[in-house]
Amino acid sequence: MDNKSNYKYLLSDLSNLKGVGIKTKNLLVKKKINNIFDLLWKLPKSYTDRSLTSKVKDLHIGENQTITVIPKKFFFPRIRNLPNRVLCSDETGEIDCVFFNSYEGYIKKILPIGKEVTISGKIGFFRNKYQLTNPKYVSEDSSLIRQKHNSYSLTEGISEKIYNKIINQIIENLPILEEWHSKNVLNKFNNISWNASIKELHKPENIGKYKEKFYQRLAYDEIFSTFLVNSEIRKKIKKIKKKSKIFNIQDQEKIIQNLNFLLTNDQRKCLDEINKDLYSSTKMFRLLQGDVGSGKTIVSLLSAHNTINSGCQVAFMAPTEILAKQHFDFAKKIFPKNFKIEFISGKSNYKNKNDVLKRLLSNEIDIIFGTHAIFQKKIVFKNLGLIIIDEQHKFGVNQRKKLSDKGGDNCDVLLMTATPIPRTLTMTIYGDMDLSIIREKPRSRKPIKTYSKLESKIDEVINFIKKQIKLENQIFWVCPLIDESKKLDHASAIKKYEFLKKIFPNRVSLIHGKTSSEDKEAILDNFLKKKFDILVSTTIIEVGIDFPNANVIIIENANKFGLSQLHQLRGRVGRGKKDSTCIMLFKSNLSENAKKRINILKNSNDGFEISEEDMKIRGFGDVLGFKQSGIKNFKLADPIHNSDLFLLAEKEIKRIEKNNEDISKFKPLIKLYDRADIINDIA
Ligand code: ADP
Ligand code: MG
């Protein structure tokens, strides 16, 4: 194979390398290093530039410094105002890492006992010992530390000597790939080629120089290729020809007139965008994005209505039966009487289900609501024209594409999500879809009054709740999992349930992760029917369900949640006409930083704004929905530090789309970077 200009060398098997036998190969494969390209992103330990880091004994108090240490012991005092502490050391001395407002699971994860880690921050001195408060760059987001970290785990079982031999070989044989970026873009990186950038990346003295052009270029390659793949998927889907849906828009207006509210301008705008897509002769693949309570359901139902009017069937999928049932009830209320509306439940008996299947196949059902059950293989539609999916933020690019394929060419696809994401991430996460955004909340909607309170003042909270119950209002009480990493620890919710039950006998119920989905649905249903007043739960209550009568939410240990998550939680109330309240409980007085965060929540009701702030504070990995969305992790790019590169890539993609540019020159880029192999047939 001609290495010199062929990207295929990089995708070839590890055993093609001298010095890589079966044993080494297996070790690497275990680390998810499957080919030569993967190896490029793992920098060996010996490349870690020790000159950047200091030994404990040489630390300078008051300066920002980086050290490599081994965590020795955790100190998690359960006393208010005392921070968590991790004693760390290197061969020259000891240093305390001190954490305010970080939970134990997190600390244990980033500073595992006995494992070497590199951290940085301002060096302090306290009680005769060096101290690092809230160490920076411990997170995996930091390219500098991440590489060192990876190199650490990588060398398990592989000697440095062998490793160096392998990597030198690769660098020597690195193909000189034809440039894929436009002149304009390349210029921004001082015209450094991919090949040269990789070589720079592997120079010991360049470790951590993520502001340098070589690094920026490589980060940009990652971002751009992700966007490009998304854009290609979108283009491909949009090219699919379908039968245009013809419907009478007057019928839609009749429904709107009969609603007991006015549509917001944004709801109108989104509805118009969807209608245009329904009418067009190419397939729709659109995401309706809008904060909790922005009123996405009515927009989707009106699109469903128009689709039915054009003679097609609609499938409407929600994550839980309760939510599906709510949408079903809403549809029954607003749709014309001659529409045949059906709801399929897991509980429906066999005969019932068979009957539904038959009627779907013979076009005797216009729209069916249900959970993922409505997409089972057995279910065949006579003439499916639109799939609507509510609140499936866990769907990644691959799943969405499969879904779109499943509906067939004539079937439009509309996804809805209440997970607002920062601007820079939109193309990363949703770049394969067209986007309609509802930013405006219904005018009648009152902001949720948001307070923070010390847990020691729980009596005041209880009194407040008593008053609310007298007013016939209902309350959510949310307890976080004690140990996030175990995901199973419901102790705090159970304890709180027992506590509240004594004060409010027969008026409290509990759901948590171990509650069976059947029980859960039943409890939620009873809550809707006001059979009890207080629902204690972990964070498992699904989004989207309308509890018009619940207007208070108490969130315990609120510092364990990210801002976006708190915002989502509080969005469970305030959907009705009443004034609503969110009370966040804290175990101890808030630090200045925590106060700042909480104030963002108190002052803003805009999920988009909050998610931007959240990302800045917690890093993008924690923004709700991002982790779950199935998006691959970037190796070098960082949505916070490289937001300019994200915007540049977006601009470039739009330019390429507009000019209908031939993308075959990007083939090596896509082949190398698109590991999911989503588009496998580029020119
Ligand atoms: P989400 O966007 O979170 O799915 P929903 O569609 O469930 O929000 O709407 C929340 C509540 O607001 C519902 O009770 C819905 O009927 C109501 N609603 C929707 N649009 C409006 C509007 N323009 N004005 C007033 N209430 C509205
Ligand atoms: Mg909803």
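Computed from a predicted structure; not experimentally measured.

Q: When you look at the confidence of the model for the protein in this model, what are you seeing that I'm missing?
A: Do not read the fine detail of predicted coordinates wherever pLDDT is low. Mean pLDDT over the protein stands at 84; residues scoring 70 or higher make up 88%. Taken as a whole, residues 624-631 scores under 50 in pLDDT and shows 22 contacts with residues more than four places along the chain or in a different chain.

Q: Teacher, can you tell me more about the layout of surface pockets here?
A: The probe, sized like a water molecule, is rolled over the atoms to show the empty space still left. In this structure, the second largest pocket occupies an estimated 1500 Å³ of space. In this structure, the second largest pocket is lined by 46 residues; those nearest its centre are Gln 326, Phe 330, Lys 333, Asp 546 and Pro 548. Counting residues per element, the ones that place at least two in the lining of the second largest pocket are helix 10 (249-258), helix 12 (296-309), helix 13 (321-334) and helix 19 (517-528). Domain assignment of the residues forming the lining of the second largest pocket places at least three in each of domain 4 (249-438) and domain 5 (449-604).

Q: Teacher, can you tell me more about helix 13 here?
A: Helical geometry: 3.6 residues make up each α-helical turn, so side chains three or four residues apart lie on a common side. When the terminal C-alpha atoms of helix 13 are compared, their 20 Å separation across 14 residues agrees well with the 20 Å that a helix rising 1.5 Å per residue should span. Among all positions of helix 13, only Glu 321, Ile 322, Leu 323, Ala 324, Gln 326, His 327, Phe 328, Ala 331 and Ile 334 are buried.

Q: Could you clarify how one ought to interpret the sheet that holds strand 13 (residues 434-438) in this entry?
A: Taken in spatial order, the seven strands line up as 9-10-8-11-12-7-13 in an open sheet, and their pairing is parallel. Looking along the sheet, the strands with just one partner apiece sit at the ends: strand 9 (341-343) and strand 13. Each neighbouring strand pair of the sheet contributes to a mean axis angle of 15°, computed without reference to strand direction. Here strand 7 (residues 285-290) runs beside strand 13; their pairing, made up of five bridges, is parallel. From the neighbouring strand, Arg 286 faces strand 13, where its bridge partner is Asp 434. Sheet contacts for helix 13: strand 8 (313-317), strand 9, strand 10 (367-370) and strand 11 (384-390); angle to strand 9, the most-contacted strand, approximately 165°.

Q: I tried to follow the pairing of strand 10 on my own but got confused; where do I start?
A: Along any regular strand the residues' side chains alternate between the sheet's two faces. Going residue by residue along strand 10, you find Ile 367 and Phe 369 tucked away on one face and Ile 368 and Gly 370 tucked away on the opposite face as well. Looking at chain direction, strand 9 and strand 10 are connected through three bridges and run parallel. Bridging from a neighbouring strand, Ile 341 pairs with Ile 367 of strand 10. Handedness of the crossover is the feature at issue here: the chain leaves strand 9, passes through helix 14 (residues 350-361), returns alongside strand 10, and the resulting connection is right-handed.

Q: Help me understand the pattern of salt bridges in this model?
A: Working definition: two side chains of opposite charge can pair if their charged atoms are close together. If you walk through the whole model with that rule in mind, you get 36 salt bridges. Two residues, Arg 359 and Asp 355, come together in a salt bridge whose shortest N-O distance is 3.3 Å. Placement of both Arg 359 and Asp 355 in helix 14 is noted, with a separation of four residues, approximately one turn of the helix. Under the relative-accessibility criterion, Arg 359 is labelled partly exposed at 21%. Assessed through its relative accessible area of 35%, Asp 355 is described here as partly exposed.

Q: What am I meant to see in the site of ligand 1 here?
A: Neighbouring ligand 1 are 17 residues, the closest being Leu 262, Gly 293, Lys 296, Thr 297 and Asp 546. Taking Gly 295, its main chain carries an N or O atom lying 3.0 Å from an oxygen atom of ligand 1. Considered on its own, ligand 1 offers 560 Å² of accessible surface; in the complex 88% of this is hidden by protein. Broken down by class, the residue content of the shell around ligand 1 amounts to five nonpolar, seven polar and five charged.

Q: I tried to follow the packing of aromatic side chains on my own but got confused; where do I start?
A: For any pair of aromatic rings, the description consists of the separation of the ring centres together with the inter-plane angle of the planes. Counted by the stated rule, this structure contains 21 aromatic pairs. Joined through ring pairs, the aromatic side chains of Phe 189, Tyr 220, Phe 224 and Phe 666 make up one cluster. Taking the ring centre of Phe 75 as reference, the NZ or CZ of Arg 85 above it sits at 4.1 Å.

Q: Before we go on, may I ask you to explain the sheet that holds strand 18 (residues 550-555) in this structure?
A: Working definition: the strands of a sheet are paired by backbone hydrogen bonds and lie parallel or antiparallel to each other. Strands sit in the order 14-19-18-15-17-16 across an open sheet of six strands; the sheet is parallel. Only two strands of the sheet have a single neighbouring strand rather than two, namely strand 14 (449-454) and strand 16 (508-511). Sheet twist, expressed as the average angle between the axes of neighbouring strands with direction ignored, equals 20°. With four bridges joining them, strand 18 and strand 19 (residues 581-586) adopt parallel strand pairing. What sits directly across from Val 552, in strand 19, is Thr 581. Sitting on the sheet, helix 17 (residues 458-470) touches strand 14, strand 15 (474-478), strand 17 (534-537), strand 18 and strand 19, and the angle it makes with strand 15 is about 150°. Sheet contacts for helix 19: strand 15, strand 16, strand 17 and strand 18; angle to strand 16, the most-contacted strand, approximately 145°.

Quick notes on the rules
- Residues numbered from 1 in each chain as written.
- Chains lettered and ligands numbered in written order.
- Predicted model: local features only at pLDDT ≥ 70, side-chain atom pairs only at ≥ 80, totals over all residues.
- Heavy atoms only, no water.
- pLDDT = per-residue confidence, 0-100.
- Contact = heavy atoms within 4.5 Å.
- 1 Å grid on protein atoms, 1.4 Å probe; cavity = no way out; pocket = protein on both sides within 12 Å on 5 of 7 lines; lining within 4 Å.
- Points joined across faces, edges and corners; volume = space filled by probe spheres on them.
- Helix = DSSP H or I, 4+ residues; strand = E, 2+ residues; numbered from the N terminus.
- Domains from an automatic or database assignment.
- Expected span 1.5 Å × (residues − 1).
- Buried < 20%, exposed > 50% of the residue type's maximum accessible area, 1.4 Å probe, protein only.
- Pairing = 2+ DSSP bridges.
- Axes fitted to C-alpha atoms, helices over the stretch in contact; angles between N-to-C directions.
- Right-handed = clockwise from strand over helix to strand, strands pointing away.
- Salt bridge = Lys/Arg side-chain N within 4 Å of Asp/Glu carboxyl O.
- Near = heavy atom within 4 Å.
- Polar contact = N/O pair within 3.5 Å; in protein donor to acceptor, adjacent residues only side chain to side chain.
- Areas by Shrake-Rupley, 256 points an atom, 1.4 Å probe, with all protein chains shown as cover.
- Nonpolar A, V, L, I, M, F, W, Y, C, P; charged D, E, K, R; others polar.
- Phe/Tyr/Trp six-rings, centres within 6.5 Å; stacked < 30°, edge-to-face > 60°.
- Lys NZ or Arg CZ within 6 Å of the ring centre and 35° of its normal.

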